[in-house]
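Summary of the model geometry
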Amino acid sequence: MSCFEPSSNATMEPRAPGVIPIELKNGGRVKANDVPPQGVYRPNYNILTPNMRSPEYVQMSTAAALTLGIMAGKMYRCECTRCLNLLLTYPEGCRANCAYCGLARHREAERDYADRNFIRVDWPAVPLEQTIDIVAKQGDKSPFHRMCISMITHPRSDDDTRAVLKRWTDRIDPKAIPVSILSNPTTMTRDDVKRLKDLGADIFTVALDAATPEIFDRTRGKGVQSPHSWAKYWEILMDARDVFGAQKFGAHIIVGMGETERDVIELVQKLVDLGGHSHMFCFFPEKGSLMDHLPATDRGQWRRVQLARYLIDYKGVRAENMRFDEHGRVSDFGLNEEALEDVVTKGVAFRTSGCPGKFAEDISACDRPYGDSPPSNIASFPFAPNKRDLQKIRRQLKQ
Ligand code: SF4
């Protein structure tokens, strides 16, 4: 694919999921071995995966484990992450089959759930109480600006999300470290959304991931034997709008799965008009996923969408004032050159987008270091881009 060609629907076709032997379905191997968990489990394909379940256990990103001191090591150009992402965990894993996701069900034969890579990194499993103990002891010195519970598609995930939230807020003031919910609409009702708000959740997000209903269906619906539907995701997103209110709900969008720049930008505008925000991810071919043979998003496409999204979310520019070429690429951002240059120079537009932290409204707590790119060609900057980064970004904007 030329770097001037946006990814097209035809080029971004997922592989078909394979057949899973019956004994390996639903976490069969982990349940048959039934190894009792002992403290922290670091993904290791050479030892038997313990039988761990939420709410007693949660998984967390490698960045969060390093920041908590559960794992030793350093991250390239980052001292820590500001968001503690907690992922529900079960031997059965996520029952959905999203084509771009490393946690998807089609991997059951190849890799136990707790050993699967997700947004490019391993996710150690840690007892929830141990996690809460560490953060509670840190008190107001905690590096975390936010905690986020990532629900997955599992029959227990609604109950267990509430249990994790309750255990957390019993010991940690949600005003000091606010909690976001990355929801799983497929198993949820409006009442479930309300219950999470009543228990103290601050922001509710829906991972639409796909920018159009066709891409949604192809990558996480019927196209890959996955249970999700665009209509159900929007139903819960609108419930979140009613229950959590303006600026307290949002949607995740992955850029580069076959949509045009215009498709994403119009969706971003729609979300802003509804009172919400968009959190963007640059498509990266996750190892072991049904899209691991496909190209990562062209950097020109990604930078333009990042910049346009920032202008709409924080600078009052509207999608209608932008202009697009015949391929749906941005040709004019709808802002005079001086003002646009000022935004580019500040660099915030190119940082990871997500729920806000304590630095500023437009700086995400959720920085997901290298979650959507390798450090050698950063897509979402988990820190302020420096002068050299900005030179590269300027070149990429023109690609
Ligand atoms: S529902 Fe979420 S965790 Fe499950 S396969 Fe889809 S993207 Fe991955």
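Here the structure is shown first, and the text comes after it.
What counts as what
- Counting from 1, residues in each chain are numbered in the order their sequence is written.
- It should be noted that, the model being predicted, local features are given only for residues of pLDDT at least 70 and side-chain atom pairs only at 80 or more, the latter also being counted only at that level, while totals for whole chains, interfaces and linings use all residues.
- For the side-chain quantities, the full set of heavy atoms in the structure was used; hydrogens and water were omitted.
- Any two strands with at least two DSSP-identified bridges between them are counted as paired.
- Helix and strand labels come from DSSP, where a helix needs a run of H or I of at least four residues and a strand needs a run of E of at least two; each type is numbered from the N terminus.
- Every axis in this analysis is a line fitted to C-alpha atoms, fitted for helices over the stretch in contact. Angles between the N-to-C directions lie between 0 and 180 degrees.
- By the convention used here, residues are in contact when the closest approach between their heavy atoms is within 4.5 Å.
- Only heavy atoms are used to decide nearness, and a residue is near a molecule or strand if one of them lies within 4 Å of it.
- Polar here means any residue outside two lists: the nonpolar Ala, Val, Leu, Ile, Met, Phe, Trp, Tyr, Cys and Pro, and the charged Asp, Glu, Lys and Arg; Gly therefore counts as polar.
- Nonpolar core, defined: a set of buried Ala, Val, Leu, Ile, Met, Phe, Trp, Tyr and Cys residues in which side-chain atoms within 4.5 Å join the residues together.
- Type-normalised accessible area, obtained with a 1.4 Å probe on protein chains alone, sets the label of each residue: buried when under 20%, exposed when over 50%, and partly exposed for intermediate values.
- Here the arc refers to the directions that run from the helix axis out to each C-beta atom.
- A 3.5 Å cut-off defines polar contacts: any pair of N or O atoms within that distance qualifies, except that in protein one atom must be a possible hydrogen donor and the other a possible acceptor, and neighbouring residues in sequence count only when both atoms are side-chain atoms.

The strand order S3-S1-S2-S4-S5-S6-S7-S8 describes an open sheet built from eight strands, whose pairing is mixed. Looking at the sheet topology across the chains shown, the edges are occupied by strand S3 (125-127) and strand S8 (277-282). Pairs of neighbouring strands in the sheet enclose a mean axial angle of 30 degrees, with direction left out of account. As judged from the six bridges shared by strand S7 (residues 249-255) and S8, these two strands associate in the parallel manner. When the sheet's bridge partners are listed, Ile-253 is paired in S8 with Met-280. Sitting on the sheet, helix H4 (residues 157-171) is in contact with strand S1 (57-60), strand S2 (83-88), strand S4 (146-150) and strand S5 (179-183), with an inclination near 145 degrees to S2. Set on the sheet, helix H9 (residues 299-314) makes contact with S7 and S8; between it and S8 the angle comes to about 165 degrees.

Around the ligand lies a shell formed by Cys-94, Ala-96, Cys-98, Cys-101, Leu-103, Ala-104, Thr-153, Arg-220 and His-228. By residue class, the composition of the shell around the ligand is six nonpolar, two polar and one charged.

Moving on to the nonpolar core. Ranked by size, the top nonpolar core spans 109 residues in total, and within it Met-60, Leu-84, Trp-168, Ile-181, Phe-204 and Leu-307 carry the most contacts. Dropping the residues within four chain positions of it, Met-60 is found in contact with Ala-65, Leu-68, Ile-70, Leu-84, Asn-85, Leu-86, Asp-122, Trp-123, Pro-124, Val-126 and Thr-131. Among the nonpolar cores identified, the runner-up in size contains six residues, and Cys-148, Ala-207, Ala-365 and Cys-366 belong to it.

Every buried residue of helix H11 (residues 387-397) is listed here: Asp-389, Leu-390, Ile-393, Gln-396 and Leu-397. Buried positions in H11, seen along its axis, are confined to an arc of 115 degrees and lie on one side of it. Along H11, exposed side chains directed more than 90 degrees from the buried face belong to Lys-387, Arg-388 and Arg-395. Considering only its buried residues, H11 is in contact with H9 and helix H10 (337-346). A distance of 3.0 Å separates the backbone nitrogen of Arg-388 from a side-chain oxygen at the start of H11, and that oxygen is part of Asn-386.

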